[in-house]
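Structural features, examined
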Amino acid sequence: MPVLWAASLRHLMRHPAQLALALLGLSVGVATLVAVDIATASAARAFELSLRAVNGAATHEILGGPVGIDEQLYVDLRLRNPELGFAPIVAGYASIGGQTMQLVGIDPLASPQFEAPASGSGGPMGRLDLSRSAQWFTQAGTIMMAAATAQELDVGENRPFELDIGGRRATATLIGTIADDQAGYDALILTDIAQAQGWLRLRGRLSRIDVRLPAGAAAGPAESRLRAQLPPDVQLEPAQGRTRESIDMTSAFTTNLRAMSLLALMVSLLIIYGTISFAVVQRRRVVGILRALGATPGDVLEIVLAEAAVLGAVGAGVGLLLGASIAHALVGLVSQTINDLYFVVSVRQTVLPASSVVIALLAGFLTALVGALVPAFEAAAGAPQLGLRRSVLESRAVAVARRLALASVLLGLGSAIVAASSGRSLLAGFGALFMLLLSVAALTPAVLRAAAIGAAKACARVSPVGRLAFSEVAGSLSRTGVAVAALGMAIAAMIGVSIMVGSFRESLRAWLERTIRADVYVTAPGAGGPERRIEPELVGILLRTPGVADYSISRHTQVELAGEQVELDALQSAAHSRPGLVFVDGDPRSAWSAFASGSILVSEPLAWRLRLRAGQQLTIPTGSGARSFRIAGIYREYGNDRGNVMMSLGEFRQLWHDESVTGLGIYLRPDTSSAQVMMRLRAQARGRQALLISSNARLRELSMEIFERTFVITRVLYWLAGGVAAVGLLSALLAWELERSREVGLLRALGLTPAGAALLVEAQAGFMGLMALVVAIPAGFLTALMLILVINRRAFGWQIDLHVSSAQLSNALLLSVAAALAAGVYPAWRGARATIADEIREE
Amino acid sequence: MLTIRKLSRRFREGEQVHRVLDQADAQFRDGEVAAVIGRSGSGKSTLLNLISGIDRADSGSVQFHDIEISALAEPGRTLFRRKHIGFVYQFFNLIPTLDVEENVRLALELNGVRGAEARARSVEVLKEVGLGDRVHSAVDRLSGGEQQRVAIARALVHRPALLLADEPTGNLDEETSRQVLPALLSLARSRGATLLIVTHDTLLARMVDRVWELRDGRLQEISCQSSGQQASAT
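Residues numbered from 1 in each chain as written. Chains lettered and ligands numbered in written order. Predicted model: local features only at pLDDT ≥ 70, side-chain atom pairs only at ≥ 80, totals over all residues.

What follows is about the overall build of chain B. Along the backbone of chain B there are eight helices and 10 strands. Looking at chain B as a whole, 49% of its 234 residues qualify as buried. Counting only contacts in chain B whose residues sit at least 6 apart along the sequence, the fraction spanning at least 24 positions is 69%. (Helix = DSSP H or I, 4+ residues; strand = E, 2+ residues; numbered from the N terminus. Buried ≥ 20, exposed ≤ 12 C-beta atoms within 10 Å, placed from the backbone. Contact = placed C-beta atoms within 7 Å.)

The next thing to look at is the overall build of chain A. Assigned secondary structure in chain A consists of 28 helices and 21 strands. Across the 843 residues in chain A, those meeting the buried criterion constitute 51%. For chain A, contacts bridging at least 24 residues in sequence account for 86% of all contacts bridging at least 6.

With that settled, the discussion passes to the packing of helix α26 (residues 754–796) of chain A against helix α27 (residues 807–832) of chain A. Residue and element names in this part refer to chain A. Interaxial distance between α26 and α27 falls to 8 Å at its minimum, and their mutual angle equals 155 degrees. Taken together, the axes of α26 and α27 lie roughly antiparallel to each other. The two elements α26 and α27 cross, and the hand of that crossing is right-handed. Here the contact of α26 with α27 is composed, by residue class, of 25 nonpolar, six polar and one charged. (Axes fitted to C-alpha atoms, helices over the stretch in contact; angles between N-to-C directions. Parallel < 35°, antiparallel > 145°, perpendicular 65-115°, else oblique. Left-handed = near helix turned anticlockwise from the far one by under 90°. Nonpolar A, V, L, I, M, F, W, Y, C, P; charged D, E, K, R; others polar.)

Quick look at the environment of D569(A) now. All names here are of chain A. Residue position: D569 is located in strand β14 (residues 564–572). Along the sequence, D569 and L601 sit 32 residues apart, while their C-alpha atoms lie 9.7 Å from each other. In this structure D569 touches S554, H556, N644 and M646, once residues within four positions along its chain are discounted.

Here we come to the sheet that holds strand β3 (residues 33–37) of chain B. In sheet architecture, strand pairing relies on hydrogen bonds along the backbone and comes in two forms, parallel and antiparallel. Residues and elements named next belong to chain B. If you trace the six strands from one edge of the open sheet to the other, you get β6-β7-β8-β3-β9-β10, paired in mixed fashion. This sheet does not close on itself; its edge strands, each paired only once, are β6 (85–88) and β10 (218–222). Sheet twist, expressed as the average angle between the axes of neighbouring strands with direction ignored, equals 20 degrees. As paired elements, β3 and strand β8 (residues 194–198) share four bridges and run parallel to each other. (Pairing = 2+ DSSP bridges.)

The next point concerns the interface of chain B and chain A. Each side of the interface is counted separately: chain B has 17 residues, and chain A has 18 residues. When contributions to the side of chain B that touches chain A are tallied by element, the ones reaching two or more residues are α2 (74–84) and α3 (100–110) of chain B. A per-element tally of the side of chain B that touches chain A places α3(B) first, with six residues. Residues of the side of chain B that touches chain A, tallied by class, amount to nine nonpolar, three polar and five charged.

Another aspect to go through is the pairing of strand β7 (residues 162–166) of chain B. Residues and elements named next belong to chain B. Burial runs high along β7: five of the five residues are buried. Burial of β7 is two-sided: the residues L162, L164 and D166 facing one way and the residues L163 and A165 facing the other way are all buried. As defined by bridge partners, β6 adjoins β7 across four bridges and the pair is classed as parallel. When the sheet's bridge partners are listed, V88 is paired in β7 with A165. Both β7 and β8 contribute to a ladder of five bridges, which runs parallel. Of the residues in β8, the one forming a bridge with L163 is L195. With respect to chirality, the unit in which β7 leads through helix α6 (residues 174–191) into the neighbouring parallel β8 is right-handed. (Right-handed = clockwise from strand over helix to strand, strands pointing away.)

Positive phi values are uncommon outside glycine, yet R201(A) reaches one of about 55 degrees. On the secondary structure map, R201(A) appears in the loop between α7 (193–199) and β9 (205–206). At E167(B), a residue that is not glycine, the phi angle is positive and equals roughly 50 degrees. E167(B) sits in the buried class, given 20 other C-beta atoms within 10 Å.

Moving on, we get to the pairing of β10(B). Two faces make up the sheet, and in a regular strand the side chains alternate between them. Residue and element names in this part refer to chain B. Direction of pairing for strand β9 (residues 210–215) relative to β10: antiparallel, over a ladder of five bridges. Counted as the bridge partner of R215 is R218 from β10. Connecting the antiparallel pair β9 and β10 is a turn made up of two residues, with D216 showing a positive phi of about 50 degrees.

Residues and elements named next belong to chain A. Among the nonpolar cores identified, the biggest contains 230 residues, and I491 and L729 are the most heavily contacted of them. Considering each element in turn, this core owes the most residues, 24 residues, to α26. Discounting chain neighbours no more than four positions away, the residues touching L729 are A483, L487, M768, A819, A820 and A823. Counting 46 residues, the second-largest nonpolar core is a separate cluster that includes A146, A187, L188 and V211. (Core = buried A, V, L, I, M, F, W, Y, C linked by C-beta atoms within 7 Å.)

The next thing to look at is the confidence of the model for chain A. Low-pLDDT stretches of the model should not have their predicted coordinates read in fine detail. Residues and elements named next belong to chain A. Residues of chain A with pLDDT of at least 70 account for 84%, and the chain-wide mean is 80. Across chain A, the element-wise mean pLDDT spans from 52 in helix α4 (residues 123–126) up to 93 in strand β16 (residues 600–603). Below a pLDDT of 50 lies the segment residues 117–122, which in the model reaches six contacts outside its immediate sequence neighbourhood of four places, other chains included. (pLDDT = per-residue confidence, 0-100.)

With that out of the way, let us pick up the environment of R291(A). Residue and element names in this part refer to chain A. Mapped onto the secondary structure, R291 falls in helix α11 (residues 284–293). Using a count of 24 C-beta atoms within 10 Å as the deciding quantity, one classes R291 as buried. In this structure, the C-alpha to C-alpha distance between R291 and A380, residues 89 residues apart in sequence, is 8.9 Å.

Let us now look at the packing of helix α17 (residues 477–515) of chain A against α27(A). Working note: a packed helix pair is described by the angle between its axes plus the distance between those axes. Residues and elements named next belong to chain A. Here α17 crosses α27 at 160 degrees, and the two axes come no closer than 8 Å. Considered as vectors, α17 and α27 are oriented roughly antiparallel to each other. Where α17 crosses over α27, the handedness of that crossing is right-handed. The residues of α27 that touch α17, namely those facing L487, I491, M494, I495, S498, I499 and G502, are Q808, L809, N811, A812, L815, S816 and A819. Counted by class, the contact of α17 with α27 contains nine nonpolar, five polar and no charged residues.

Next comes the structure, spelled out in structure tokens:
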């Protein structure tokens with residue numbers, strides 16, 4: 001190995017603690033990014049596989065509305081198009097022991113020709129032996145599911161167990177399992193199509209018909225011919241469309257997660273900058289010798305960047321492994337949120353997509369190289385003088401801090417301009433947010449220096465050691481500035497997210513108070529839309545229950561708008577419930593009368609996404625073909641980010657020919673209590689259907705629980721970013737302590753006690769943590785505004801009212817002070833036990 | 001021939017300007033061993049920095065053979081230094097993470113000599129300075145005198161035409177100085193290199209061909225006899 005490289009490598013190996021901390025900081029940053037990538041990719045992959053598990057080779061799908069497709073259409077199409085492949089599907093949701101799964105009814109005679117090549121010969125049905133196949137056709141309630149799922153749910157073969165389908169109990173028997181090598185079945189219950197129709201109350205109806213068109217030139221004419229044979233209330237769509245649409249639904253959520261993970265990487269960047277800066281500063285004499293011996297600036301640049309590249313490569317490798325492990329934990333949180341907000345998915349296995357490997361390598365390399373660029377150029381461009389004095393270095397740091405303060409103002413202004421001028425671009429919104437956070441980082445060294453000088457002056461008369469402690473913080477800005485900037489940035493992000501989540505929570509709470517106005521709510525349980533229905537005969541019985549004064553009736557389903565599934569709420573509202581909606585566009589007084597006469601109301605997220613205004617027309621595919629509706633008003637809604645359309649129940653029933661009821665909102669007589677009426681309602685439903693009967697308070701509570709669950713992953717990510725920043729601070733303090741060990745030794749020789757030396761270091765660490773907090777608090781408020789007004793608005797379309805409380809700052813306070821004090825413990829211990837003679841011995 | 005013409009260098013410290021070199025002139029013959037004496041802060045080290053191209057003069061020129069060092073841009077000065085100059089410092093300036101042989105080999109590798117040849121030449125020079133048995137020792141395990149001999153080996157290994165020594169005995173005791181100095185001088189002479197030594201050492205001043213004094217920013221040649229007295233006075 002060339003001697004120049006050997007010198008560089010040995011220097012790194014001589015400071016293992018610094019090297020390890022830099023690697024840890026970088027690895028955790030890379031790992032966070034990779035973990036989010038793996039977790040979201042795994043969830044998307046699992047969902048994709050579950051859609052492709054049944055009839056994966058289908059090229060198209062024939063879809064109907066909430067009432068499905070008449071099964072006669074399937075028969076007709078098969079007869080008229082014998083050269084094409086058709087397979088009927090009835091799909092809905094069922095739960096086993098509280099776990100929601102997709103219930104899919106298939107025709108085992110039609111489905112095998114749709115098996116995707118990857119799924120193995122014969123598909124799930126191919127795994128059944130002949131005797132079991134007979135059971136499938138002859139025995140009621142037979143099902144199949146993945147072997148691992150059956151084991152997890154404790155469902156044994158040929159042992160009857162209970163299924164809950166929209167609150168109705170059904171007895172099922174597992175007659176065969178699907179081997180674990182057949183991916184995509186984790187959240188599926190397969191049954192015969194006739195059985196599924198019975199369980200889901202879809203007699204004579206199909207959810208969809210999978211179609212396999214010929215490949216090549218024949219596909220176009222076949223598609224046109226088939227389209228011409230379809231009635232107006234059904235559509236022919238490409239098969240991939242459904243998968244893409246479903247995964248697209250989660251894009252805003254996953255973009256937010258990626259942004260949070262990028263934050264951790266940005267903090268890592270500052271750590272690498274700090275580490276390489278230290279390495280360069282520690283070797284300024286060696287660099288001087290090399291330059292005096294004839295090493296060119298290019299040689300020096302090469303060495304420093306090569307060190308960073310090695311650090312980046314190792315950090316990327318470790319980050320990839322660490323990320324894969326974190327992903328196992330994260331995938332649960334991601335799939336939980338996706339289950340709560342979007343669709344049912346079970347992620348049993350994480351996948352390591354090629355993108356994660358590329359992301360890890362790029363993130364590791366680029367972070368390390370970008371972080372090392374400035375110190376590398378500084379080292380290379382410096383005059384080849386051996387005695388670069390510390391004072392010169394620090395005066396440079398002060399000059400840089402001044403320039404950075406100016407850069408901070410420019411970054412702040414740039415952030416505001418980008419946020420204000422970038423329209424609806426979420427990417428530009430995140431760009432503005434990151435500029436804001438960088439602006440915080442850039443301002444920190446100047447603030448730290450000013451505060452430390454002030455503190456030193458204030459301490460001058462009280463404690464000379466205190467004065468010394470703060471003067472050193474100000475006088476070592478080249479070391480302290482970067483560490484505090486990294487911590488400040490992480491804390492600002494933490495405060496911003498806390499305020500945003502807190503504001504969202506309060507806005508949601510207020511919204512729930514306004515909209516959940518009925519005393520008692522009765523709904524058919526389960527996931528999904530159309531199949532959730534209260535048994536028709538039970539509706540009347542419930543509404544006649546003593547104590548009921550008034551009620552609203554709703555039917556909940558989905559319609560496809562602009563390529564996405566949108567929630568449709570058909571409502572016959574009680575007089576009391578109308579004021580519950582807050583209109584953000586349209587006249588509330590006239591909106592309700594227009595609503596009653598056929599106009600629709602549109603939720604804010606949908607209006608934002610489709611750029612809708614009150615008074616415009618919106619075309620919706622109905623059970624009687626596409627119809628245009630006038631939008632009477634836009635209302636505030638936090639229920640989901642895809643958006644809702646609300647129409648009168650009468651209008652819905654007329655167009656969809658669907659008399660089902662999904663939920664009831666019950667208003668009580670003044671002389672009755674909700675507990676009393678709920679008891680009566682439960683008694684009425686007993687033996688007929690297991691309904692969810694909740695008081696308004698409980699329903700609000702449940703909504704808040706889901707809300708809290710969806711933000712768990714955000715908190716995990718910001719704690720990770722905070723952890724990386726704490727590692728950075730520890731690394732900086734260690735390096736600083738190493739460099740001034742002689743100085744501490746001298747102070748000890750002059751009479752400073754070991755406790756005094758430890759206190760000196762801890763006071764400095766604590767002060768640095770406090771300063772990070774001081775900078776982060778105003779920056780955190782600005783970050784929160786950016787998150788609320790720009791990011792959330794652009795990602796989800798909803799407006800959140802700002803709510804600030806001291807509790808939102810508690811995590812930030814805890815992190816900054818605890819991280820700083822903890823980071824100071826080891827350097828303080830080292831300072832206290834320094835051997836004076838060793839430290840002050842001359843060279 | 002090393003020629004210094006009207007060389008000036010000022011340093012600013014706050015409002016004050018220090019004129020360290022002021023129109024200094026001197027000529028050093030090829031293969032000559034010369035000493036430059038002067039008080040602390042008189043600009044001796046600055047002179048070496050300007051000759052080696054580490055620093056740039058405000059005005060004047062430094063010419064070595066047909067190369068005008070002061071006219072070269074930074075990369076040119078670095079390459080000139082790498083090829084033609086060997087440096088010996090008061091505090092040795094060895095790289096602590098490299099062993100004895102590696103420190104010496106570094107100068108060769110920077111000049112493009114690699115592998116077995118570089119190793120062989122490094123060991124050969126180390127034997128010449130009496131460190132043949134310490135080739136793979138860590139440099140911080142060596143005594144001051146040994147460290148300075150490593151520095152001398154490093155300065156000579158690539159056979160530079162010009163050797164610059166900045167207080168080479170300033171960090172050594174008298175007895176060690178008596179061992180190191182003759183080694184430096186004889187090696188320089190045997191290679192025909194021009195050796196320019198900045199020193200306070202009276203012993204050394206008596207062993208060189210010519211002595212120059214740097215005073216008030218100017219170089220003045222003085223006799224060997226008086227140089228010994230002056231050096232001891234500084």
